[in-house]
Number of protein chains: 2
Amino acid sequence: MVNIKTVATIAGVSPSTVSRVLGGTSYVKQETKEKVLKVIRETGYAPNALAKSLKEGRSNTICLLMPSIQNLIFPIITQGVEDTARKHGFSVILCNTNEDVQVESAYIDKMRQRWVDGFILCEVAKDNTEYVDALHQEQFPFVLVARFNPQDQGQLNIVSVDNYGATYQAVSHLIETGHRQIAIAVGSEQLHFYEERLRGYQAALTDHGMEVNPALILNQGSGDESFYAQTKCLMETHPTVDAIFCTADPKAFVVLRALHDMKIQVPTQVSVMGFDNVPLSALMEPPLSTVSQPLYQMGVLAATNLIKQILHKEKSGTLPPPVHDVMQTEIILRKSTCIR
Amino acid sequence: MVNIKTVATIAGVSPSTVSRVLGGTSYVKQETKEKVLKVIRETGYAPNALAKSLKEGRSNTICLLMPSIQNLIFPIITQGVEDTARKHGFSVILCNTNEDVQVESAYIDKMRQRWVDGFILCEVAKDNTEYVDALHQEQFPFVLVARFNPQDQGQLNIVSVDNYGATYQAVSHLIETGHRQIAIAVGSEQLHFYEERLRGYQAALTDHGMEVNPALILNQGSGDESFYAQTKCLMETHPTVDAIFCTADPKAFVVLRALHDMKIQVPTQVSVMGFDNVPLSALMEPPLSTVSQPLYQMGVLAATNLIKQILHKEKSGTLPPPVHDVMQTEIILRKSTCIR
DNA sequence: TTGAAAGCGCTAACAC
DNA sequence: GTGTTAGCGCTTTCAA
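All of these numbers come straight from a predicted model, not from anything done at the bench.

### A look at the overall build of chain A
In step 1: Each helix and strand counted, chain A has 12 helices and 12 strands in total.
In step 2: A compact globule built from 340 residues should have a C-alpha radius of gyration of about 20 Å, whereas chain A, at 26 Å, is more than 25% larger.
In step 3: For chain A, buried positions account for 55% of its 340 residues.
In step 4: For chain A, the share of sequence-separated contacts (at least 6 apart) that also reach a separation of at least 24 residues comes to 70%.
In step 5: When the accessible surface of chain A is summed, it comes to about 14300 Å², and 52% of that surface belongs to carbon and sulfur atoms.
In step 6: Separation between the mean location of the 30 positive side-chain charges and that of the 35 negative ones in chain A comes to 13 Å.

### Quick notes on the protein's contact with DNA strand D
In step 1: Taken together, 26 residues are adjacent to DNA strand D, and Ser 16, Thr 17, Lys 29 and Thr 32 of chain A together with Ile 4 of chain B come closest.
In step 2: Each atom of DNA strand D within 4 Å of the protein was assigned to sugar, phosphate or base; sugar and phosphate come to 60%.
In step 3: In this structure, a phosphate oxygen belonging to DNA strand D sits 2.6 Å away from a main-chain N or O atom of Lys 29 of chain A.
In step 4: Breaking the surface near DNA strand D down by element, the ones donating at least two residues are helix 2 (15–23) and helix 4 (49–56) of chain A together with helix 2 (15–23) and helix 4 (49–56) of chain B.
In step 5: No other element matches helix 4 of chain B, which puts 4 residues into the surface near DNA strand D.
In step 6: Considering only residue class, the surface near DNA strand D consists of 8 nonpolar, 11 polar and 7 charged.

### A closer look at the protein's contact with DNA strand C
In step 1: In the vicinity of DNA strand C lie 25 residues, with Ile 4 and Tyr 45 of chain A together with Thr 17, Arg 20 and Thr 32 of chain B positioned nearest.
In step 2: Of all atoms in DNA strand C that approach within 4 Å of the protein, 66% are sugar or phosphate atoms.
In step 3: At 2.9 Å, a side-chain N or O of Ser 19 of chain A approaches a phosphate oxygen of DNA strand C.
In step 4: Residue assignment for the surface near DNA strand C shows that the elements contributing at least two residues are helix 2 and helix 4 of chain A together with helix 2 and helix 4 of chain B.
In step 5: Ranked by residues supplied to the surface near DNA strand C, first place goes to helix 4 of chain A with 4 residues.
In step 6: A breakdown of the residues in the surface near DNA strand C according to their chemical character gives 8 nonpolar, 9 polar and 8 charged.

### Quick look at the sheet that holds strand 10 (residues 289–292) of chain A
Residue and element names in this part refer to chain A.
In step 1: Here we have 6 strands laid out as an open sheet, ordered 7-6-8-9-10-12, and mixed in their pairing. Each end of this open sheet is capped by a strand with a single partner; those strands are strand 7 (217–219) and strand 12 (330–332). The average undirected angle you get between the axes of adjacent strands in this sheet is 20°.
In step 2: Bridge count for strand 6 (residues 182–186) against strand 7 is 3 bridges, and the pairing is parallel. Counted as the bridge partner of Ile 184 is Ile 217 from strand 7.
In step 3: Strands strand 6, strand 8 (243–246), strand 9 (271–276) and strand 10 of the sheet are contacted by helix 11 (residues 249–261), whose axis makes an angle of about 160° with strand 9.

### Structural notes on the relation of the copies chain A and chain B
In step 1: The two copies are related by a screw operation: chain A maps onto chain B through 180° of rotation and 0.1 Å of translation along the axis, at an RMSD of 0.2 Å. Those values place the two copies in the arrangement expected of a two-fold rotation axis. Proximity to the rotation axis, assessed at the C-alpha, singles out Ile 93 of chain A in chain A; its C-alpha lies 2.2 Å from the axis.
In step 2: The overlap is high: 100% of the interface residues of chain A also sit at the interface in chain B, so the same surface is used on both sides.

### What to know about helix 7 (residues 130–137) of chain B
Working note: α-helix, 3.6 residues per turn, so residues spaced by three or four point in the same direction.
All names here are of chain B.
In step 1: Inspection of helix 7 places Tyr 131, Val 132 and Leu 135 among the buried residues, and these make up the whole buried set. All buried residues of helix 7 project into a common sector of 105° when viewed along the axis, lining one side. For helix 7, exposure combined with an orientation more than 90 degrees from the buried face picks out Glu 130 and Gln 137.
In step 2: Residues of helix 7 that are buried in the fold lie against helix 6 (101–112), strand 3 (118–121) and strand 4 (142–145).

### Looking at the interface of chain A and chain B
In step 1: Of the residues lining the interface, 47 residues belong to chain A; the matching set on chain B comes to 47 residues.
In step 2: Roughly 4500 Å² is buried in total at the junction of chain A and chain B, and carbon and sulfur atoms are behind 60% of that figure.
In step 3: Viewed at the interface, chain B and chain A are joined by 2 salt bridges.
In step 4: Elements represented by at least two residues in the side of chain A that touches chain B include exactly helix 4, helix 5 (73–87), strand 2 (91–96), helix 6 (101–112) and helix 11 of chain A.
In step 5: In terms of residues, the side of chain A that touches chain B owes the most to one element, helix 5 of chain A, which gives 7 residues.

### Points about the environment of Gly 317 of chain B
In step 1: Mapping Gly 317 of chain B onto the fold places it in the loop between helix 12 (295–316) and strand 11 (324–327).
In step 2: Note: C-alpha distance between Gly 317 of chain B and Gln 139 of chain B (178 residues apart in sequence) is 9.3 Å.

### Observations concerning the domain arrangement of chain A
Residues and elements named next belong to chain A.
In step 1: Along its sequence, chain A is carved into domain 1 (4–47), domain 2 (59–161 + 296–327) and domain 3 (163–293).
In step 2: Inter-centroid distance (C-alpha atoms) of domain 2 to domain 3 is 30 Å.
In step 3: Taken together, the 13 residues of domain 2 in the interface contact 14 residues of domain 3.
In step 4: Here domain 2 packs against domain 3, burying approximately 1100 Å² in sum over the two surfaces, 65% of which is carbon and sulfur.
In step 5: Seen at the junction of domain 2 and domain 3, the total is 0 salt bridges.
In step 6: Run the count over domain 2 and domain 3 and you get 2 residue pairs in polar contact (both at pLDDT 80 or more).
In step 7: Considered class by class, the residues forming the side of domain 2 that touches domain 3 number 10 nonpolar, 1 polar and 2 charged.

### A short note on the packing of aromatic side chains
In step 1: The tally for this structure, following the rule as stated, stands at 6 aromatic pairs over all chains.
In step 2: For the pair Phe 193 of chain A and Tyr 194 of chain A, a centre-to-centre distance of 4.2 Å together with 35° between the ring planes defines the contact as tilted.
In step 3: Seen from the ring of Phe 275 of chain A, Arg 197 of chain A lies directly overhead, with NZ or CZ sitting 3.7 Å from the centre.
In step 4: Sitting over the ring of Phe 140 of chain B, Lys 313 of chain B keeps its end group 5.7 Å from the ring centre.

### Focus: the packing of helix 1 (residues 4–11) of chain B against helix 3 (residues 30–43) of chain B
Packed helices, taken two at a time, are described by their axes: the angle between them and the distance between them.
Residues and elements named next belong to chain B.
In step 1: Remark: helix 1 packs on helix 3, axes separated minimally by 9 Å, with the N-to-C direction vectors making an angle of 125°. One way to sum up the angle between helix 1 and helix 3 is to call them oblique. Our pair here, helix 1 against helix 3, has a crossing hand that is right-handed. Between helix 1, through Val 7, Ile 10 and Ala 11, and helix 3, the contact on the second element is made entirely by Lys 35, Val 36, Val 39, Ile 40 and Thr 43.
In step 2: For the contact of helix 1 with helix 3, the residue count by class is 6 nonpolar, 1 polar and 1 charged.

### So, the sheet that holds strand 7 (residues 217–219) of chain B
Residues and elements named next belong to chain B.
In step 1: Overall, mixed pairing links the 6 strands, which are arranged 7-6-8-9-10-12 in an open sheet. What marks the edges here is a single partner per strand, and that holds for strand 7 and strand 12 (330–332). Each adjacent strand pair in this sheet contributes to an overall mean axis angle of 20°, direction not counted.

### With respect to unusual backbone geometry
Residue and element names in this part refer to chain A.
In step 1: That bond from Val 266 to Pro 267 is cis: its omega, 0°, falls within 30 degrees of zero.
In step 2: Note that Pro 267 resides in the loop between helix 11 and strand 9.
In step 3: In this structure, Pro 286 follows Glu 285 across a cis peptide bond, with omega equal to -5°.
In step 4: Here Pro 286 is to be found in the loop between strand 9 and strand 10.

Parameters at a glance
- Residues numbered from 1 in each chain as written.
- Chains lettered and ligands numbered in written order.
- Predicted model: local features only at pLDDT ≥ 70, side-chain atom pairs only at ≥ 80, totals over all residues.
- Heavy atoms only, no water.
- Helix = DSSP H or I, 4+ residues; strand = E, 2+ residues; numbered from the N terminus.
- Rg over C-alpha atoms; globule rule 2.2 N^0.38 Å.
- Buried < 20%, exposed > 50% of the residue type's maximum accessible area, 1.4 Å probe, protein only.
- Contact = heavy atoms within 4.5 Å.
- Areas by Shrake-Rupley, 256 points an atom, 1.4 Å probe, with all protein chains shown as cover.
- Lys, Arg positive; Asp, Glu negative; His and termini not counted.
- Charge placed at Lys NZ, Arg CZ, Asp CG, Glu CD.
- Near = heavy atom within 4 Å.
- Polar contact = N/O pair within 3.5 Å; in protein donor to acceptor, adjacent residues only side chain to side chain.
- Nonpolar A, V, L, I, M, F, W, Y, C, P; charged D, E, K, R; others polar.
- Pairing = 2+ DSSP bridges.
- Axes fitted to C-alpha atoms, helices over the stretch in contact; angles between N-to-C directions.
- Least-squares fit on C-alpha atoms with pLDDT ≥ 70 in both.
- Arc of directions from axis to C-beta.
- Buried area = accessible area lost by both parts, 1.4 Å probe.
- Salt bridge = Lys/Arg side-chain N within 4 Å of Asp/Glu carboxyl O.
- Domains from an automatic or database assignment.
- Phe/Tyr/Trp six-rings, centres within 6.5 Å; stacked < 30°, edge-to-face > 60°.
- Lys NZ or Arg CZ within 6 Å of the ring centre and 35° of its normal.
- Parallel < 35°, antiparallel > 145°, perpendicular 65-115°, else oblique.
- Left-handed = near helix turned anticlockwise from the far one by under 90°.

Here you go:
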């Protein structure tokens, strides 16, 4: 692999001149420039990014830490992050934590040693972890996307939706369209955003003068199958349930499946509503009504925010004040809900 | 950020000793070792991976280039790659080519400069591209996963399934269960594996004494919507079609949707079969019969193969002979097909 | 068993 | 405008 020195020798100049031609950092005589460029072309020289990063203390690489790439929402966020990063000349290292705090911690440790310029995280744990605190303490650039803890608001850079409000609205819609027995399928209570969605559900019920019946709250056990079983059980014990709000589209897919298998008509007998609006939700039978999150856009914003931090830090040595982007959600009405 | 020199100074030894303690490359007096370790712990020192890579000429990073992370099969492959890489101490950089040859080429160029030790590629183009040839020429470690070109067999490292054979079997199954008018939804003919699947379909038909009717071959136009429209059109012009074989599960989802919307019963009136067996296919209505590919395992094998190459090259300076792993597929019968 | 020194490939003062 | 030089943080001969 040819290096800058070789190019310099062949072109009869010094390495710094080659560097200058490449970086455009200062004026180089047109003639010299062309000579160097020619040699570069002929030798197929390409600068060693490692050496450059070592020298500059920056790698132009960011690390995206996600709980699971198999969860349908993350590829969309990832795409937003990646497109944006590429546009700004950054590469992204993708790390899957598999919803495991240990793995998350180990990855951050590993990536932090000047490897990456910043992180975009979907935190695994509900409670704040020391390593995220440490990142903050050390003024290491990072942004939290989709998942965050309440106490971080105003402290950290966050891109999220208003989970409470969005759910409140969605469940209110269900109530206002005549549903009277609304169940909910909630994801792991370890995750703050699921708690928020549950709160929104409860508040909507209460504010409309309805009772919150704990028997109608389905909690995530181990794996998605449990929602399948729970839905069946729910409908057997509470056949008058007329709507099931699901805190994520994939959960709604499972609920839909269970309802189908029980020969319960959707939406005639029970309405089903999801949360996310992943592309597939429109293909379901019936097409799923859901709360849409601008996932791609959230990825874009997270990356933009992070790069802004990185650049700011490089210039001034400090991080800009934290910003919390709260994105708009929207209720998408398809065929899995109806007016009673 | 504390570096090796600082640690050395505090511990009262030389940087080389610290390096030796860390690398375990040669004997260090127990006492010295403990002293150094203590300082490392106290200072929170962590080696700079960049500097290490620059020195060693290896980054312990591989690059995974995929056409689209939003395509349901890739996250699964990715997971296999990542899990395996992590197990061997490698990180993976994920690059999305968005099915664009330009982007693919640019990424390879960018990543190759000693950044990454090897590539796992899902090629975008049908014809061999110069940059892949160049990789091969230069003995740069890489493996092709899922997508490859016929002329590469025996030349390059490949992990794939027998697309022709798998489709032949699946379509034969359809024929043997009484289907007489079998349509096919084929993906972009720019991709060799879709061609293979089409060939398998044609051969199965021919071998069973049936005619290949071009009107029953649906080709991918722009985007998935086109299959929606094409399916509708097909069923209107050829209402006697009794099965549609889809060359990928997501295409089957669209076909299912179109059939539903036309109030055509699946499988009573027409059977639908997919290819991939992504997890979601079991949740469809009706649950999708499909040809399963061991996607996760393919990721695992690709990563294993690549790492083997990297290690071999480091030891001997040459690449091991190429291997082509052909994985087993399996017909999964669910509820979208039946016996006529 | 340990230290000194060279060098991986690059950039950026600092000279001229 | 261009060259010389030092140094980013690490590993690894080579000596001692």
